[in-house]
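Spelled out, the chains give:
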Amino acid sequence: MILKKINNSPFYIFIILLFFTGTGYSQWEARVSMGINVSSTPDLRDYINENFAYGGSQMPDFNSMIEFAGEVGHKIGQNLQLAVEGVYTFNSYTNVTLNGKYEMSYKFISPSVMLYQMIEGNGYNFKFGGGIGPRFVMINEIKPFVNTGTDYSSTGFGIVAKASGSTALSKSVFAYISADARYDAGGKPTNKDGAGLRHRGSDLSVTSLSVGVKLGISVNF
């Protein structure tokens, strides 16, 4: 379902442009990384705290989310790079009291088309830029005294600003570090029957604001 949504979106056009733009510059870059984000999801926080945070186990304003990411980029100018990034982040909340056990896990799949300004030197490079793309939210909720969870999903959009640096480990392999800030508007998740997460008389809309640090490896070819 997610791949179908990507193929039917303008994001698919940007992926095609990545492979057919800037043929005069031969350098490609591939990167894998992992990191941690400090994230605020106020809609989910209020939904959980007002309905399921029994016994004072409140979901905090800011939470840590684990991130795994990959990126492929191609130079389209002497100091410009166009790239496609894919990011997977996740977190969960659990509260066990005499009222039962409540669990929610939530995930963001965040592909983005990125444009970077590059500063390159002998054995290092710095990149500064940003991007935009669709956002796919997946939530699984298990309410007290219910044996199975309910899956919810939605599609939205997001923007990202990023700064990164790489230093050479060999001729084409680089150690990678980056910091970024993201805003994601994930839409209103619904289950297979089209029902949303009801909160304050309406369906819950998921948004996220986060900053993070990532470490990884990049390869030029």
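Our subject is the structure that appears above.
Residues numbered from 1 in each chain as written. Predicted model: local features only at pLDDT ≥ 70, side-chain atom pairs only at ≥ 80, totals over all residues. Heavy atoms only, no water.

Draft legend 1. Region of the structure containing the overall build of the protein chain. Within the protein chain, the regular secondary structure consists of three helices and ten strands. Looking at the protein chain as a whole, 44% of its 221 residues qualify as buried. Sequence separation of 24 or more characterises 68% of the internal contacts of the protein chain that already satisfy a separation of 6 or more. Put simply, the protein chain shows about 11200 Å² of open surface, and 62% of that area lies on carbon and sulfur atoms. (Helix = DSSP H or I, 4+ residues; strand = E, 2+ residues; numbered from the N terminus. Buried < 20%, exposed > 50% of the residue type's maximum accessible area, 1.4 Å probe, protein only. Contact = heavy atoms within 4.5 Å. Areas by Shrake-Rupley, 256 points an atom, 1.4 Å probe, with all protein chains shown as cover.)

Draft legend 2. Looking closely at the sheet that holds strand β5 (residues 124-142). If you trace the eight strands once around the closed barrel, you get β1-β2-β3-β4-β5-β6-β7-β10, paired in antiparallel fashion. Each strand axis lies, on average, 20° off the axis of its neighbour in the sheet, ignoring direction. One ladder, built from 18 bridges, connects β5 with strand β6 (residues 150-168); its direction is antiparallel. From the neighbouring strand, Gly 131 faces β6, where its bridge partner is Val 160. (Pairing = 2+ DSSP bridges. Axes fitted to C-alpha atoms, helices over the stretch in contact; angles between N-to-C directions.)

Draft legend 3. Structural context of the pairing of β6. Relative to strand β7 (residues 173-187), β6 is paired through twelve bridges, and the arrangement is antiparallel. Residue pairing across strands places Ser 166 opposite Tyr 176, the latter belonging to β7. Between β6 and β7, which pair antiparallel one after the other, the connecting turn spans four residues.

Draft legend 4. Region of interest: helix α3 (residues 42-51). Inspection of α3 places Leu 44, Arg 45, Tyr 47, Ile 48 and Asn 49 among the buried residues, and these make up the whole buried set. Those residues of α3 that are buried are in contact with β3 (80-97), β4 (100-121), β5, β8 (198-199) and β10 (206-220).

Draft legend 5. How the structure looks around a nonpolar patch on the surface. Taken together, the side chains of Val 32, Leu 169, Ile 217, Val 219 and Phe 221 define a hydrophobic patch exposed on the protein surface, amounting to about 460 Å² of accessible area. On the secondary structure map, Ile 217 appears in strand β10. Of the residues examined, Ile 217 reaches a relative accessible area of 35% and is grouped as partly exposed. (Patch = residues over 30% accessible without salt bridge, like charges linked within 9 Å, V, L, I, M, F, W, Y side chains within 5 Å. Salt bridge = Lys/Arg side-chain N within 4 Å of Asp/Glu carboxyl O.)

Draft legend 6. Geometry of the packing of aromatic side chains. Evaluation of the coordinates by the stated rule reveals six aromatic pairs. Centroid distance Tyr 93 to Tyr 102: 6.3 Å. Interplanar angle 55°. Geometry classified as tilted. Here the two residues Tyr 93 and Tyr 102 agree in accessibility, since each one is buried. Over the face of the ring belonging to Tyr 116 we find Lys 127, whose NZ or CZ atom lies 4.4 Å from the ring centre. (Phe/Tyr/Trp six-rings, centres within 6.5 Å; stacked < 30°, edge-to-face > 60°. Lys NZ or Arg CZ within 6 Å of the ring centre and 35° of its normal.)

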